[in-house]
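These are the residues of each chain, in order.
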Amino acid sequence: MNYYKKYFQINILVSFCFLGLLFNSIYGSYSILIFLVSGIILLLSDIKASLKSCMNHYFLFVIPLLGVISTAWSDVPSSTFRSSIQLLLATSFAILIAERFDFNKISNTILLCFVLAIGMSLISDNYALNGLTGEYSLRGIFSSKNYLSINTAIAIFLALSILTFNKMNLYSSLLLIISALVIIKAKSLGSILFVFITILVFLFVYLCRGLQFFKKKINVFFVILTFFVFTYFIFNNIYEGTFDDIFYSLGKDPTLTGRTYIWEQGLSLYSDNKIFGNGFRSVFHIGNNVAEDIWEYVKVESGAGFNFHNMFVEILVDFGFVGLLYFLVLIFGFSYKIFSLNYFNESTMFATLLFMYMLFQSFIEVSWFRQFSITHFMICMSWVYLNKPNQLFNKAVV
């Protein structure tokens, strides 16, 4: 009886953590307060197990700690320090939830949180005007169309992963239907394309893991090299204008809604601080010349939340070559763990899908290392799940 009572309490706290992140665009500081209080209670519920969990996955704390250190040279040290501590706490909460609690006993709670968030977005009439294209885009309960797309993609991967192993799960079926309807309503060609490519690549990886060639040590290097060569080809052609006619024929902006200009500004800023960067989250503040120039270019008000819409550019600006090196090692670590799996279960399938999606998105979005975002929270959980390849289910230690 005590066992079920404890897991009921755990699921309540886990739901508050997820709802706090999913609804922070609406409720702001109140939502974040709920997230922080719930996470701290979970951490303190077994402080010894929580600390052990964090120590087991110390590699995920490199960016938060680099952020704290970068306070020394940041133009806005107080903001950099605050953001770094927030990222550290969010990372800790994600690790301890994934490490300490059985995924199958909290999965329905996570599903219900996404059903609520994505469902509210489906019935929402909250549209935002894109200053560059003049188009109105659905953003639902989220702060932008991009965040709606990313959260909907996560919901699809979560639902698919659970349905694959439990076809009778009604929550995952409901979530999959709602998520598909949101993507259709949002008319997001990019979202559909990225989700489709992610699923195709996952199937490719799943099938190729059984081939003798992919059992050799070079498999990870081959996949990463192929991916980066392909990506370089695509974006090099974008810069040369080769794909302009294709984008125009689809009614899309060939500059990826002004991203190419934003990337140029970021790379110019990186050239001034190549080794350690400018400091975590130190650019987009009122008074920063580069930030003001970008805000004016994309026609949003000064001080609006923003980023460089490219994870590699973002991390170069914030942490320089040191940060980029860490990020590449992190990508390699994820890839190696995926190809080292003996089999997939609910949690590892979701972790693999999410990693692939976020890796593909890295070239046009910034989804990693955002302290109060569901993407960072769940990619940290995914790292933990992929570190348990020999466990059928993740054992709880509460």
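As the structure is a computational prediction, the values presented were derived from the model and not from experiment.

**Describing the confidence of the model for the chain**
Parts of the model with low pLDDT should not have their predicted coordinates read in detail. Looking at the chain, the pLDDT average stands at 80 and 79% of residues meet or exceed 70. Note on residues 212-218: pLDDT is under 50 here. Beyond four places in sequence and across chains, it has 12 contacts.

**Some details on the packing of helix H14 (residues 311-340) against helix H16 (residues 374-386)**
Relative orientation and spacing of two packed helices are given, respectively, by the angle between their axes and the distance between those axes. Running from amino to carboxyl end, H14 crosses H16 at an angle of 45 degrees, the nearest separation of the two axes being 10 Å. Taken together, H14 and H16 sit at an angle that is classed as oblique. Here H14 and H16 pass one another in a crossing that is left-handed. The residues of H16 that touch H14, namely those facing Leu330, Gly333, Phe334, Lys337 and Ile338, are Ile379, Ser382, Trp383 and Leu386. Grouping the amino acids of the contact of H14 with H16 by side-chain chemistry returns 6 nonpolar, 2 polar and 1 charged.

**Remarks on the nonpolar core**
The tendency in soluble globular proteins is for nonpolar side chains to be buried as a group. Counting residues in each nonpolar core, the largest one holds 116 residues, and the members touching the most others are Phe18, Ile97, Phe114, Trp368 and Phe369. When residues in this core are grouped by element, the largest group, 15 residues, is from H14.

**Observations concerning unusual backbone geometry**
Excluding glycine, residues mostly carry a negative phi; peptide bonds, for their part, are mostly trans. Despite not being glycine, Arg281 has its phi angle at roughly 50 degrees, a positive value. Considering the arrangement of structural elements, one finds Arg281 in the loop between helix H12 (259-270) and helix H13 (289-298). Non-glycine residue Phe369 carries a positive phi angle of around 60 degrees. Tracing the sequence through the fold places Phe369 in the loop between helix H15 (346-361) and H16.

**What to know about the pattern of salt bridges**
Where charged atoms from two side chains of opposite charge come close, those side chains can pair. A full pass over the atoms with the stated rule returns 2 salt bridges. The partner of Lys105 in a salt bridge is Asp102, and the shortest N-O contact between them spans 3.3 Å. Residue class for Lys105 comes out partly exposed when judged on its relative accessible area of 36%. Taking relative accessible area as the criterion, Asp102 reaches 11% and is therefore assigned buried. Across the pair Glu314 and Arg370 runs a salt bridge whose closest N-O atoms are separated by 3.3 Å. Within this pair, whereas Glu314 is found in helix H14, its partner Arg370 is found in the loop between H15 and H16, the two being separated by 56 residues in sequence. Neither residue differs from the other here; Glu314 and Arg370 are each classed as buried.

**Quick notes on the side chain of Thr80**
Relative to the elements of secondary structure, Thr80 occurs in helix H5 (residues 77-100). In this structure the side chain of Thr80 is engaged in a polar contact, spanning 2.7 Å, whose partner is the side chain of Ser74.

**With respect to the packing of aromatic side chains**
Evaluation of the coordinates by the stated rule reveals 24 aromatic pairs. With a centroid separation of 6.0 Å and an interplanar angle of 75 degrees, the aromatic rings of Phe327 and Phe369 are classed as edge-to-face. Of this pair, Phe327 sits in helix H14 while Phe369 sits in the loop between H15 and H16; the two residues are 42 residues apart in sequence, bridging distant segments of the chain. A relative accessible area of 7% means that Phe369 is categorised as buried. Through a chain of ring-to-ring contacts, the aromatic side chains of Phe59, Phe312, Tyr326, Phe327, Phe334, Phe355, Phe363, Trp368, Phe369 and Trp383 assemble into a single cluster. In this arrangement the basic side chain of Lys337 is found over the ring face of Trp383, its NZ or CZ atom lying 4.6 Å from the centre.

**A closer look at the environment of Gly320**
Of note, Gly320 is situated in helix H14. Between the C-alpha atoms of Gly320 and Ile275, which are 45 residues apart in sequence, the distance is 4.8 Å. Among residues more than four places away in sequence, those in contact with Gly320 are Tyr270, Asn273, Lys274, Ile275, Phe276, Gly277 and Ile315.

**Quick notes on the packing of helix H2 (residues 24-45) against H5**
Two elements in contact, H2 and H5, have axes separated by 10 Å at closest approach and are oriented at 50 degrees. It follows that H2 is oblique to H5 by the angle criterion. Along this stretch, H2 crosses H5, giving a crossing that reads as left-handed. For the pair H2 and H5, the contacting residues are Phe35, Leu36, Gly39, Ile40, Leu42, Leu43 and Ser45 in the first and Leu89, Ala90, Phe93, Leu96, Ile97 and Arg100 in the second. Within the contact of H2 with H5, the residues separate by chemical class into 10 nonpolar, 2 polar and 1 charged.

**Remarks on a nonpolar patch on the surface**
Together, Ile26, Tyr27, Tyr30, Leu116 and Met120 make up a nonpolar patch on the protein surface, roughly 520 Å² of accessible area in all. Of all the secondary-structure elements, those providing two or more residues to the nonpolar patch are H2 and helix H6 (103-122). Looking at the nonpolar patch, the element that brings in the most residues is H2, giving 3 residues. The class of Tyr27 is partly exposed, set by a relative accessible area of 47%.

**Structural notes on helix H3 (residues 47-56)**
Of the residues making up H3, those classed as buried are Ala49, Ser50, Ser53 and Cys54. Angular distribution of buried residues about the axis of H3 spans 135 degrees; they occupy a single face of the element. Opposite the buried face of H3, at more than 90 degrees from it, the exposed residues are Lys48, Lys52 and Met55. If you follow the buried residues of H3, they end up packed against H2 and H5.

What counts, and at which threshold
- Residues numbered from 1 in each chain as written.
- Predicted model: local features only at pLDDT ≥ 70, side-chain atom pairs only at ≥ 80, totals over all residues.
- Heavy atoms only, no water.
- pLDDT = per-residue confidence, 0-100.
- Contact = heavy atoms within 4.5 Å.
- Axes fitted to C-alpha atoms, helices over the stretch in contact; angles between N-to-C directions.
- Helix = DSSP H or I, 4+ residues; strand = E, 2+ residues; numbered from the N terminus.
- Parallel < 35°, antiparallel > 145°, perpendicular 65-115°, else oblique.
- Left-handed = near helix turned anticlockwise from the far one by under 90°.
- Nonpolar A, V, L, I, M, F, W, Y, C, P; charged D, E, K, R; others polar.
- Core = buried A, V, L, I, M, F, W, Y, C linked by side-chain atoms within 4.5 Å.
- Buried < 20%, exposed > 50% of the residue type's maximum accessible area, 1.4 Å probe, protein only.
- Salt bridge = Lys/Arg side-chain N within 4 Å of Asp/Glu carboxyl O.
- Polar contact = N/O pair within 3.5 Å; in protein donor to acceptor, adjacent residues only side chain to side chain.
- Phe/Tyr/Trp six-rings, centres within 6.5 Å; stacked < 30°, edge-to-face > 60°.
- Lys NZ or Arg CZ within 6 Å of the ring centre and 35° of its normal.
- Patch = residues over 30% accessible without salt bridge, like charges linked within 9 Å, V, L, I, M, F, W, Y side chains within 5 Å.
- Areas by Shrake-Rupley, 256 points an atom, 1.4 Å probe, with all protein chains shown as cover.
- Arc of directions from axis to C-beta.

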